[in-house]
Amino acid sequence: FLGAGGGNDIQWCFSQVKGAVDDDVAEADIISTVEFNHSGELLATGDKGGRVVIFQQEQENKTQSHSRGEYNVYSTFQSHEPEFDYLKSLEIEEKINKIRWLPQKNAAQFLLSTNDKTIKLWKISERDKRPEGYNLKEEDGRYRDPTTVTTLRVPVFRPMDLMVEASPRRIFANAHTYHINSISINSDYETYLSADDLRINLWHLEITDRSFNIVDIKPANMEELTEVITAAEFHPNSCSTFVYSSSKGTIRLCDMRASALCDRHSKLFEEPEDPSNRSFFSEIISSISDVKFSHSGRYMMTRDYLSVKIWDLNMENRPVETYQVHEYLRSKLCSLYENDCIFDKFECCWNGSDRQVEFLSLCTSGSYNNFFRMFDRNTKRDITLEASRENNKPRTVLKPRKVCASGKRKKDEISVDSLDFNKKILHTAWHPKENIIAVATTNNLYIFQDKMN
Amino acid sequence: MAAPLGTGAFTEETGQEKQDTQEKDKSIPPERAEEAKLKAKYPNLGQKPGGSDFLMKRLQKGQKYFDSGDYNMAKAKMKNKQLPSAGPDKNLVTGDHIPTPQDLPQRKSSLVTSKLAG
């Protein structure tokens, strides 16, 4: 397994956990998205209550060579509020579906956050000095009586305690009839796309009153609806290329140079299905819940209910690799359908790219019982780890977990029927440069890092 | 571990000859066995599970129905009587039921700071 030592294996250790300890979880505290910024210095989370919390990594302490900087709260703000669309009689949740960071261009940081209907561009800036010595105002802001002013002075900037302010700079609204599931910033750093169940729109970051529709799969007759868009992402290097995944397990690659409306795909990625294996559940479990390009853009990773698949952009007819996340659930599909878990949308992520050659890549995705899975593409090994407050001491290597599908359960194994399906890890994120991962349980954020020697 | 295309745990068990009662299930893929279980519980389940009904439900998430005209007329008529209240499923506000302010979900915004920042 990964973590068993030797060679390039990563040994994961618990680093930090954020959030309340109590079991009674308020709905607003349910974490709905996790994202590192481009340098990895900042880590943002969004929750069902429409709030964003940003953590900042401490500067590395030269004397503390055994651990990387800890993440501490940097800023928190209310990004979205609940709304009611009276015209359509539609309740609009404030839940943050996705956060995407812009690359840093100046002292401030920018991110896009979206709920079901509205995308917002937030500016997060620091203020560490303030002007003092005004002639007409006291330091507390009260106006001075002008008749008491006898001399003039020039106000100067003096240091103050760091204040981090978040302000909404752009609000991109009213462009989506259906629920937004994805946003993706283009490699041109000027435009971005937003995708809902049936349409994808292209925006310019500076322009809020106009948006171009680039994909529309809404049938003329809604009775003929057979599939919806589940995720979309721009190619990391080619600014005219993007992909979108569907509820039927397909991925379409589109090129905006081909036409203004990209309803005809340039490539269609679909794994042929064995008709003898088809069941009531086949289509539901084939629905892709996340799609992520690799850093080079040569590969993409997709997550469906039971597996993670790696696709080579040069080969449309099947994935190059398939990794089983929790195959033992295949014989539990009936109950998972009844308790709605079969509709859970798991995300997946690649490891960071800096200094690493593509073929050494690792993939991570979550499961139930607060377990998450890692797959090493190079060695084809996989490991199951748990995000839990028990048995987690800093710098102690995490113990691999094992689920026993049937038959005799070995010591330290957990049986499928004992898994807690309310403890889902849907969101994970990998630091862009280092071996640090952020894993979100229902209402807690765990940070794991590799053991430094 | 990388698995062959389109297969599940089932493939490891074919060809084994066992005496126990699970033997007949081994010839049915686990997915089909689960499907049979579901159909036994819900015989009226539609033929196209991934089709329109299921997707339409997904598209209509968040739809609530409130007719202020109905509500005010009902309030006026039943000044002294109790308004019919919601059944157990408060989310389905349609038909004869006249929604009352108590039934509609609270739309208060969250003024509390996230516990992650605590």
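Each chain has its residues counted from 1, following the order in which its sequence is written. Just so you know, chain letters begin at A and ligand numbers begin at 1, following the order they were written in. Given that the model is predicted, a residue must reach a pLDDT of at least 70 before its local features are reported, and side-chain atom pairs must reach 80 or more before they are shown or counted; all residues, however, enter totals for whole chains, interfaces and linings. Note that water and hydrogens are dropped before the side-chain values are worked out from all heavy atoms of the structure.

- An unreviewed UniProt entry lists chain B under the name Alpha-endosulfine, from Aegithalos caudatus.
- UniProt positions are given in the numbering used here, feature names are shortened, and annotations may be inferred rather than shown by experiment. Of the comments in the UniProt record for chain B, the one headed Sequence similarities (unreviewed entry) reads "Belongs to the endosulfine family."
- In the Subcellular location (unreviewed entry) part of its UniProt record, chain B is described as follows: "Cytoplasm".

- Chain A carries the name Serine/threonine-protein phosphatase 2A 55 kDa regulatory subunit B in an unreviewed UniProt entry, which gives Aegithalos caudatus as its organism.
- Check the Sequence similarities (unreviewed entry) section of the UniProt entry for chain A; it says "Belongs to the phosphatase 2A regulatory subunit B family."

Looking at the overall build of chain B
Argument step 1. Helix and strand labels come from DSSP, where a helix needs a run of H or I of at least four residues and a strand needs a run of E of at least two; each type is numbered from the N terminus. When you go through chain B residue by residue, the secondary structure sums to 3 helices and 0 strands.
Argument step 2. For chain B, the N- to C-terminal ordering of α and β elements is α-α-α.
Argument step 3. Summary of the burial criterion: residues with accessible area below 20% of their type's maximum are buried, those above 50% are exposed, and those between are partly exposed, where the area comes from a 1.4 Å probe applied to protein chains only. Each of the 118 residues in chain B was classed as buried or not, and the buried ones make up 23%.
Argument step 4. Using the Shrake-Rupley algorithm and a 1.4 Å probe, accessible areas are obtained, with residue cover drawn only from the displayed protein chains. Element-wise, carbon and sulfur atoms account for 54% of the exposed surface of chain B, whose accessible area totals about 8900 Å².

Let's talk about the state of the cysteines
Residues and elements named next belong to chain A.
Argument step 1. Disulfides are defined in this document as cysteine sulfur pairs within 2.5 Å. As enumerated under the stated definition, the model contains 0 disulfides over all chains in all.
Argument step 2. The thiol sulfur of Cys239 is not disulfide-bonded, and the nearest other cysteine sulfur, from Cys262, lies at 13 Å.
Argument step 3. You can see Cys254 has no disulfide; the closest cysteine sulfur is in Cys262, sitting 5.2 Å from it.
Argument step 4. The class of Cys254 is buried, set by a relative accessible area of 1%.

Comments concerning the sheet that holds strand 22 (residues 307-312) of chain A
All names here are of chain A.
Argument step 1. Ordered in space as 20-21-22-23, the 4 strands form an open sheet in which the pairing is antiparallel. The open sheet terminates on both sides in strands that have one partner only, identified here as strand 20 (290-293) and strand 23 (321-324). Taking each pair of neighbouring strands and ignoring which way they run, the sheet shows an average axis angle of 15°.
Argument step 2. Strand pairing follows a simple DSSP-based rule, namely that at least 2 bridges must link the two strands. Across 4 bridges, strand 22 lies against strand 23 in antiparallel orientation. By the bridge assignment for strand 23, Lys309 is matched with Thr322. Geometry is summarised by axes, namely lines fitted to C-alpha atoms with helices restricted to the contacting stretch, and by angles between N-to-C directions that run from 0 to 180 degrees.

What about the packing of aromatic side chains?
We describe a pair of aromatic rings using the distance from one ring centre to the other and the angle between the two ring planes.
All names here are of chain A.
Argument step 1. Each pair of aromatic rings taken from Phe, Tyr and Trp, with Trp reduced to its six-membered ring, is defined by centres within 6.5 Å and is described as stacked if the planes are under 30 degrees apart, edge-to-face if over 60, and tilted in the remaining cases. Taken as a whole and assessed by the stated rule, the structure comprises 20 aromatic pairs over all chains.
Argument step 2. Judged by centre distance (5.9 Å) and plane angle (10°), the rings of Tyr446 and Phe448 are stacked.
Argument step 3. Judged by its relative accessible area of 4%, Tyr446 is buried.
Argument step 4. Judged by its relative accessible area of 0%, Phe448 falls in the buried class.
Argument step 5. Taken together, the ring pairs in this structure connect Phe14, Phe372, Tyr446 and Phe448 into an aromatic cluster.
Argument step 6. Only lysine NZ and arginine CZ atoms are considered, and such an atom sits over a ring when it is within 6 Å of the ring centre and within 35 degrees of the ring normal. In this structure, Lys137 is placed above the aromatic ring of Tyr134, and the distance from its NZ or CZ to the ring centre is 5.2 Å.
Argument step 7. The residue whose ring lies beneath Arg377 is Tyr299, and the NZ or CZ to ring-centre distance is 4.5 Å.

Brief notes about the pattern of salt bridges
Argument step 1. Salt bridges are counted wherever a side-chain nitrogen of Lys or Arg sits within 4 Å of a carboxyl oxygen of Asp or Glu. Per the stated rule, a full pass over the model turns up 39 salt bridges over all chains.
Argument step 2. In this structure, A:Arg158 engages A:Glu132 in a salt bridge whose closest nitrogen and oxygen atoms are separated by 3.8 Å. In this pair, A:Arg158 sits in strand 11 (residues 156-172) while A:Glu132 sits in strand 10 (residues 119-132), placing the two residues 26 residues apart along the sequence.
Argument step 3. The exposure class of A:Arg158 is partly exposed, given its relative accessible area of 44%.
Argument step 4. What makes A:Glu132 buried here is its relative accessible area of 17%.
Argument step 5. Here A:Arg278 and A:Glu273 are joined by a salt bridge, their closest N and O atoms 3.0 Å apart.
Argument step 6. Within this structure, A:Asp29, A:Asp47, A:Arg51 and B:Lys115 form a network of salt bridges that share partners.

Quick word on the sheet that holds strand 8 (residues 98-101) of chain A
All names here are of chain A.
Argument step 1. The strand order across the open sheet built from 4 strands is 8-9-10-11, with neighbouring strands paired in antiparallel fashion. Each end of this open sheet is capped by a strand with a single partner; those strands are strand 8 and strand 11. Within this sheet the neighbouring strands show an average axis-to-axis angle of 25°, counted without direction.
Argument step 2. By the bridge criterion, 13 bridges tie strand 10 to strand 11 in an arrangement that is antiparallel. When the bridges of strand 11 are listed, Pro131 appears paired with Phe157.

A word on the interface of chain B and chain A
Argument step 1. Between chain B and chain A, the residue contacts involve 46 residues of the former and 71 residues of the latter.
Argument step 2. Counting across the chain B and chain A interface gives 6 salt bridges.
Argument step 3. Taking the shortest distance from any N to any O, the salt bridge between B:Lys61 and A:Glu93 comes out at 3.5 Å.
Argument step 4. Pairs of N or O atoms within 3.5 Å make up the polar contacts considered here, provided that, within protein, one atom can donate a hydrogen while the other can accept it, and that residues adjacent in sequence are counted only when both atoms are side-chain atoms. Connecting chain B to chain A are 15 residue pairs in polar contact (both at pLDDT 80 or more).
Argument step 5. Of all the secondary-structure elements, those providing two or more residues to the side of chain B that touches chain A are helix 1 (30-41) and helix 2 (52-59) of chain B. A contact between two residues is defined here by any heavy atoms of the two lying within 4.5 Å.

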